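Okay, here's what each chain looks like letter by letter:
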Amino acid sequence: MDEEEPTQKAEEHDHEAQTKVAEEESSKNKSGRGSEERAGAMTSDLKSGGDSRKLACSVILIFLLLAGVTTLIVWLVYRPHKPNFTVVGAAIYELNTTAPTLLTTSMQFTIVTRNSNKRVSIFYDHLSAYVSYRNQAITPPVMLPDLFHDKKTTVALSPILGGGVAVPVSLEVVNGLVMDEAYGVVGLRLVLLGRVRYKAGAIKSGKYGVVVKCDMLVGFKKGFLGQVPLLGSPGCHVDI
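Here the structure is a predicted model, which means the values were calculated and not measured.

Novice: I would appreciate a short explanation of helix H2 (residues 171-183) in the present structure.
Specialist: Helical geometry: 3.6 residues make up each α-helical turn, so side chains three or four residues apart lie on a common side. For H2, with 13 residues, the first-to-last C-alpha span of 18 Å sits near the 18 Å given by 1.5 Å per residue. Buried residues of H2: Val173, Val174, Gly176, Leu177, Asp180 and Glu181, and no others. Buried positions in H2, seen along its axis, are confined to an arc of 165 degrees and lie on one side of it. Among the exposed residues of H2, those oriented more than 90 degrees off its buried face are Leu171, Val178, Met179, Ala182 and Tyr183. As for H2, its buried residues are in contact with strand S1 (84-99), strand S2 (102-115), strand S3 (121-133), strand S4 (136-137) and strand S10 (185-200). Gly184, located one to two residues past H2, shows a positive phi value of around 100 degrees.

Novice: I'm lost on the packing of aromatic side chains in this one. Help?
Specialist: Aromatic ring pairs are described here by two measures, namely the spacing of the ring centres and the angle between the planes. One pass over the structure, following the stated rule, counts three aromatic pairs. Taking the centre distance of 6.2 Å and the plane angle of 80 degrees together, the rings of Phe85 and Tyr124 count as edge-to-face. With Phe85 in strand S1 and Tyr124 in strand S3, this pair connects stretches of sequence that are 39 residues apart. By the burial criterion, Phe85 is buried, and Tyr124 matches it. For the ring pair Phe123 and Phe148, a centre distance of 4.8 Å and an interplane angle of 45 degrees mean the geometry is tilted. In this pair, Phe123 is assigned in strand S3 and Phe148 in strand S6 (residues 147-149), connecting sequence segments 25 residues apart. The class of Phe148 is partly exposed, set by a relative accessible area of 42%. Its end group placed over the ring of Phe123, Arg197 keeps NZ or CZ at 4.7 Å from the ring centre.

Novice: Teacher, can you tell me more about the nonpolar core here?
Specialist: Here is a general trend for soluble globular proteins: nonpolar side chains tend to be buried in one another's company. Counting 43 residues, the largest nonpolar core has Phe109, Ile138, Leu188, Leu190 and Val218 as its most contacted members. Contributing elements (two or more residues each) for this core: S1, S2, S3, strand S7 (153-157), H2, S10, strand S12 (208-219) and strand S14 (236-239). The biggest single contributor to this core is S10, with seven residues. With sequence-adjacent residues up to four places away left out, Leu188 is seen in contact with Met107, Phe109, Val131, Ser132, Tyr133, Ile138, Cys214, Asp215, Met216 and Val218.

Novice: Just checking my understanding: could you explain the pattern of salt bridges for this structure?
Specialist: Pairing between side chains of opposite charge can happen when the charged atoms of each approach one another. Here the structure, examined in full by the defined rule, presents three salt bridges. Arg197 serves as the salt-bridge partner of Asp125, at 2.8 Å between the closest nitrogen and oxygen. Separated by 72 residues along the polypeptide, Asp125 in strand S3 and Arg197 in strand S10 bring together distant segments of the chain. Judged by its relative accessible area of 24%, Arg197 falls in the partly exposed class. A salt bridge links Arg189 to Asp215; the shortest N-O distance between them is 2.6 Å.

Novice: Would you explain the environment of His81 in this entry?
Specialist: Within the fold, His81 resides in the loop between helix H1 (4-78) and S1. Apart from the residues lying within four places of it in its own chain, the contact partners of His81 are Ser116 and Asn117.

Novice: Just checking my understanding: could you explain the side chain of Asn115 for this structure?
Specialist: Of note, Asn115 is situated in strand S2. Overall, the relative accessible area of 0% leaves Asn115 in the buried class. Here Asp150 takes part through its backbone oxygen, which lies 2.9 Å from a polar atom of the side chain of Asn115.

Novice: What is the right way to look at unusual backbone geometry in this model?
Specialist: Residues other than glycine predominantly adopt negative phi, and peptide bonds predominantly adopt the trans conformation. A positive phi angle is found at His126, which is not glycine, with a value near 55 degrees. When you line up the elements, His126 lands in strand S3. Backbone geometry places Lys152, a non-glycine residue, at a positive phi of 50 degrees. With respect to the element layout, Lys152 can be found in the loop between S6 and S7.

So, how was this worked out
- Along each chain, residue indices are assigned from 1 in the same order as the chain's sequence is written.
- In keeping with the model being predicted, local features are shown solely for residues with a pLDDT of at least 70 and side-chain atom pairs are shown and tallied solely at 80 or more, while totals for entire chains, interfaces and linings include all residues.
- Hydrogen atoms and water are omitted, and side-chain values are computed over all heavy atoms in the structure.
- Each helix corresponds to a stretch of at least 4 residues labelled H or I by DSSP, and each strand to a stretch of at least 2 residues labelled E; elements are numbered beginning at the N terminus.
- Working rule for helices: expected span equals 1.5 Å times residues minus one.
- Relative accessibility decides the category of a residue: with a 1.4 Å probe and only protein chains considered, values under 20% of the type maximum give buried, values over 50% give exposed, and everything between is partly exposed.
- By arc we mean the arc of the directions from the helix axis to the C-beta atoms, nothing more.
- We call two residues contacting when some pair of their heavy atoms lies within 4.5 Å.
- For this analysis, a ring pair means two rings from Phe, Tyr or Trp (six-membered ring only for Trp) whose centres lie within 6.5 Å, classed as stacked if their planes differ by under 30 degrees, edge-to-face if by over 60, and tilted for the remaining angles.
- Two limits define a charge over a ring: the Lys NZ or Arg CZ must be within 6 Å of the ring centre, and within 35 degrees of the ring normal.
- Definition of nonpolar core: a set of buried residues of the types Ala, Val, Leu, Ile, Met, Phe, Trp, Tyr and Cys, connected through side-chain atoms within 4.5 Å.
- Salt bridges, as used here, are contacts in which a Lys or Arg side-chain nitrogen is within 4 Å of a carboxyl oxygen on Asp or Glu.
- Whenever a nitrogen or oxygen atom comes within 3.5 Å of another N or O atom, the pair is scored as a polar contact, on the condition that within protein one atom can donate a hydrogen and the other can accept it, and that pairs from neighbouring residues in sequence are kept only if both atoms are in side chains.

Now the structure itself:
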């Protein structure tokens, strides 16, 4: 009887030890599965976030491509051509040296501008004009009224420049004018400056600087006043 009790106790101790080991292994397995589940959830979240970013980037890229294609199509359909400027008439009412380096002038030019665009209208803002000789201004700048140029239309301008205001010039200008007037042919440049805007349907462009340079030869001798002949058909260079 006494021998059976230690054996039974040993068996109970072994059973308890085995049970404890099994519980510890079960706890470890549960902990491992929980870590794996958490890691899987984090990986899923990362993949979901990455997919969202990829989708957003794709949408933005498609939008930019569509906007670029639309802009290109509009430009191809409505792309504006530069307006044409031509001087068709000139008159000199005064061209005198009032001092060794002062020049007094009064001139009038008729300029015709043509908008050849079929779908685009043109607005001119802050227009000014002056006359130069040998790359030196011989009249002060004169402000011109703002101009609207509708599609496929022609507009004429006839500004009077100089107005009898004395302008300081170099001796090169004074001597050159003396020789040219004696010869009977004077080379002048009419310059227009301003800002230009385009309008095509409901689409309006921003403002662009415009510079128009009209080089011409006029038949003029000292002492003659009034309308002077234009030698050739002076066109103008337009820079926008």
